[in-house]
Structures are given as C-alpha cells and as structure tokens.
Amino acid sequence: HTHTHSPTHSLRERQRSHSSQLHGDQLSLKATVRANSALQPVAMEGEFVIPTEKDDLLTEASAGCFVVSSEIDISSHSSFSLKDIAEEAFKTLVQNKDPYAILKNETFDPLFSLSKAFAELEEDVKAVVWEALLGGLGHICKLMPAELANLQPGSSESLQSRNAIKMYATLLNWICMQEEAEASKATKHMAVEAAPAKKGKKGAQESKEWDWERERSRGFMRFNDLLALDIVRLWPMSCPEEAFVNLITRVAYLSLENPAVVKDKGVKDMVFQLLTVLVQKYNHALGATTSIIHLLPHFEHLATVMSQLVEVFVQSGDTRVVAEVLREIGRMDSKDLARDTSGAKSY
C-alpha cells in the first residue's frame, strides 16, 4: 500500500489479504492432508501385514493396513541413481539414527522396490541397501530394551515397534532368499569345476564390494540379536503370527540346504542358535519337526546336520522336536521307504 491510502482503507485491505491468504493456506493444508492420508497415518495406526507375495503390499490387505504408495521401476533408473536412492535411506535410518522412519512410505517404498529386485542390482547398490536395513534393525535392537521396560500392552508404541520389526524382517527375508538361491547355484556349479578354477574364483570373490558368503553371517547375527530380546511382548497375547516366524525360519533352513554353508561351523552354529530360540520362544516346535522330516530325504548331507540340530534342541532343555521327529519316522510306511532307499537312509 502506498502512503496515499487512508490508514483505515489500508487496514481493511491488509485484513482482507490476510484472510484470503489464511483461507488459501487452509485449503492447501487440507489438500496436503488428503494427499498424505494414505501415507504416514496408515503406517502409524494400521497393522503391517506380512505379504504372501511381494506385490501384495501394493494393495490393502484389509482396511487400515499399510500399503506401498509408490513403487520404483528399477529398470528405468541407472545404477548411479539407484545407489543415490539407497544412500538416502541409509542416511535416514542409520546415520540419522532414525530406524522408525521405515514406518513412513517415503523411506519404506524405495527399500521395498530395491529389496524386491535385489538380484538385479549392481554390487555397490546391494551393499548400501543391505547396510541400511541391517543398520536400521541394529538401532532398533539397541533401543528395544528401554522400550520394553516401559511398554504398555496394546499401546500405539507397541504397534509401531512391532510394525517396524516386521518391515525390516520382511525386506531382509527377501534379500536373504534371493542371495541364498544364487549361492546354492554357485555351490552346484563349483562342485563340477576343476580345482584350479575353483580356487581362482574364490580369489576374485574376495575383492568384491558385495559378497554374500561374508554378509550371510552378519544377517544371522542380527536376527539372533533381535530374537534374544523379549520382543514377543509387542504382540497381543505375546504370540507373534506364524508369518513373522516363517520370515526367519525359511532363510535358516534354506541356508542349511547348501552343503557349503554347513561346512562353516560359525554360520551353522548361528543358524542352530536361531532355530533353538524360535522353538523355545516362538512356538516353532511343530514347524521345526515338519521342516526336518520334509528336508531329510531331499538333501543327503542333512542327515548329520539335522541330528546335530535336534541334539542342540535337547541340550537346551527342549525334547519336543526329537520326540515328534521319531514319532513321524515311526509312522512312515516301510514299503514307501523300501522304494526310496536314499530317503530311508537319511531317516
């Protein structure tokens, strides 16, 4: 306003202008809230439903459940661009020590996209995605004892912590399953290679930015750190859903299927420790029995491994699995076993 306007006129103009601006801000705020209503509030208030198929997270499992709002098309991005996206998640979860940021779509969605297509990523991108998830879950493990000490059952805090753990476990499961499948192929390939070629391959592998043989044990160590905490209290009735337990057990059993993995005593002991805790605290006794009976006839090397595993269960004070395994073997039809001599030998 110029100095020629009357003070009263000037005041009225300013009030009208302020009112118009305020109205505009409110409309803008409402539009923003509407646009984001499917993002943060759902992550905070709804349950994260562990998907059966990866793409299940793109549609709502039930009203109020977390859903991915913007999937990244990996094929339309350069490796350099994908690494930038991964580094942004790493900065948020690990460097800024904000592991619960995974509850927000802006952090979870890129990691969902990268973990889903992990096998297609370049090694340097894989390494950043893995460190972001492993580091974020590591921070949660550090924060969890204090959170559990002040936990109110059924509170929004317990839902938030439960959801975050399930999100990390889901994405880590996807990565581990893809990498174990690749490692299994490599083991079979190396078994038919000549010894000098095998040695050369190992030497080349050591210089890689991403080496699953090295990272596998870190993954199992992080899962052990998590399960050693009393996180069952985050669930209603202190009973985690079977889908959560399966995220970890599937990786454990898949790794044992690989003869090269069980030759590494350190990794094998970590897997045994993990499965023992799952049997003791996570209602996995029946699941362990089923897995052992199913795997034995298919993998020749597992007869020794599974008997060692059952022995570890017994030494920890749990005899349910050995009793059930013996009962199941006793129920088998001797005619079927006679037809499948290799399976019979394993039992």
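Quick note: structure is the one above.
Figured I'd write up the structure that's included with this text. (Residues numbered from 1 in each chain as written. Predicted model: local features only at pLDDT ≥ 70, side-chain atom pairs only at ≥ 80, totals over all residues. Heavy atoms only, no water.)

**Describing the overall build of the protein**
Working step 1: Each helix and strand in the protein was counted, giving 16 helices and zero strands.
Working step 2: Put simply, the protein has 347 residues, and 42% of those count as buried.
Working step 3: By sequence separation, contacts in the protein at least 24 residues apart represent 76% of the contacts at least 6 residues apart.
Working step 4: Summing over all exposed atoms, the protein offers an accessible surface of approximately 18500 Å²; the carbon and sulfur share of this is 54%. (Helix = DSSP H or I, 4+ residues; strand = E, 2+ residues; numbered from the N terminus. Buried < 20%, exposed > 50% of the residue type's maximum accessible area, 1.4 Å probe, protein only. Contact = heavy atoms within 4.5 Å. Areas by Shrake-Rupley, 256 points an atom, 1.4 Å probe, with all protein chains shown as cover.)

**Regarding the nonpolar core**
Working step 1: Among the nonpolar cores identified, the biggest contains 93 residues, and Phe108, Val129, Ile231, Phe244 and Leu256 are the most heavily contacted of them.
Working step 2: Considering each element in turn, this core owes the most residues, 13 residues, to helix 5 (residues 123–149).
Working step 3: Setting aside anything within four residues of it in sequence, one finds Phe108 in contact with Phe48, Leu57, Phe66, Val68, Ile102, Met167 and Leu171. (Core = buried A, V, L, I, M, F, W, Y, C linked by side-chain atoms within 4.5 Å.)

**Some remarks on the pattern of salt bridges**
Opposite charge on two side chains permits them to pair, given that their charged atoms come into close proximity.
Working step 1: Counting across every chain of the model gives 18 salt bridges.
Working step 2: For Lys116, the salt bridge is made with Glu71, and the minimal N-O distance between the two is 2.7 Å. Here the residue Lys116 occupies a position in helix 4 (residues 105–116), and Glu71 occupies one in the loop between helix 2 (40–45) and helix 3 (79–95), the gap between them amounting to 45 residues.
Working step 3: For Glu71, a relative accessible area of 37% corresponds to the partly exposed category.
Working step 4: Lys83 is the partner of Asp124 in a salt bridge, and the nearest nitrogen-oxygen pair spans 3.8 Å. (Salt bridge = Lys/Arg side-chain N within 4 Å of Asp/Glu carboxyl O.)

**Topic: the packing of aromatic side chains**
Working step 1: Tallied over the entire structure, the rule returns ten aromatic pairs.
Working step 2: Aromatic side chains Phe118 and Trp210 sit 5.5 Å apart centroid to centroid with 70 degrees between the ring planes, which places their arrangement in the edge-to-face category. Highlighted residues: Phe118 in the loop between helix 4 and helix 5 and Trp210 in the loop between helix 7 (195–206) and helix 8 (212–228), separated in sequence by 92 residues. For the pair Phe118 and Trp210, one class covers both residues: buried.
Working step 3: Here the aromatic rings of Trp235 and Phe244 are separated by 4.9 Å at their centres, their planes lie at 40 degrees, and the arrangement is tilted. There is no split in this pair, since Trp235 and Phe244 are both buried.
Working step 4: Feature note: the residues Phe48, Phe66, Phe108, Phe112 and Trp174 constitute an aromatic cluster, connected by ring pairs. (Phe/Tyr/Trp six-rings, centres within 6.5 Å; stacked < 30°, edge-to-face > 60°.)

**Digging into the layout of surface pockets**
One simple way to see leftover space: roll a probe sized like a water molecule over the atoms.
Working step 1: Approximately 320 Å³ is the volume attributed to the second largest pocket.
Working step 2: What lines the second largest pocket is a set of 17 residues, and nearest its centre among them are Glu242, Val245, Asn246, Asn283 and His284.
Working step 3: Per-element tally for the lining of the second largest pocket: the top contributor is helix 9 (residues 242–256), with six residues.
Working step 4: Across the lining of the second largest pocket, the residue classes break down as six nonpolar, seven polar and four charged. (1 Å grid on protein atoms, 1.4 Å probe; cavity = no way out; pocket = protein on both sides within 12 Å on 5 of 7 lines; lining within 4 Å. Points joined across faces, edges and corners; volume = space filled by probe spheres on them. Nonpolar A, V, L, I, M, F, W, Y, C, P; charged D, E, K, R; others polar.)

**A closer look at unusual backbone geometry**
Working step 1: Here the phi dihedral of Met237 falls at roughly 60 degrees; this positive angle occurs in a residue that is not glycine.
Working step 2: A positive phi angle, near 60 degrees, is found at Asn283, a position not held by glycine.

**Here's the deal with the side chain of Lys126**
Working step 1: With respect to the element layout, Lys126 can be found in helix 5.
Working step 2: You can call Lys126 buried: its relative accessible area is 10%.
Working step 3: Setting aside its immediate chain neighbours within four residues, Lys126 contacts Phe118, Ala119, Leu121, Glu179 and Trp210.

**Describing the packing of helix 3 against helix 5**
Working step 1: Contact geometry for helix 3 and helix 5: axes closest at 9 Å, N-to-C directions at 15 degrees. For the element pair helix 3 / helix 5, the angle class is roughly parallel. For the crossing formed where helix 3 meets helix 5, the hand is left-handed. Facing Ser79, Leu82, Lys83, Ala86, Glu87, Ala89, Phe90, Leu93 and Val94 of helix 3, the residues of helix 5 in contact are Asp124, Val125, Val128, Val129, Glu131, Ala132, Gly135, Gly136 and His139.
Working step 2: Residues of the contact of helix 3 with helix 5, tallied by class, amount to ten nonpolar, four polar and four charged. (Axes fitted to C-alpha atoms, helices over the stretch in contact; angles between N-to-C directions. Parallel < 35°, antiparallel > 145°, perpendicular 65-115°, else oblique. Left-handed = near helix turned anticlockwise from the far one by under 90°.)

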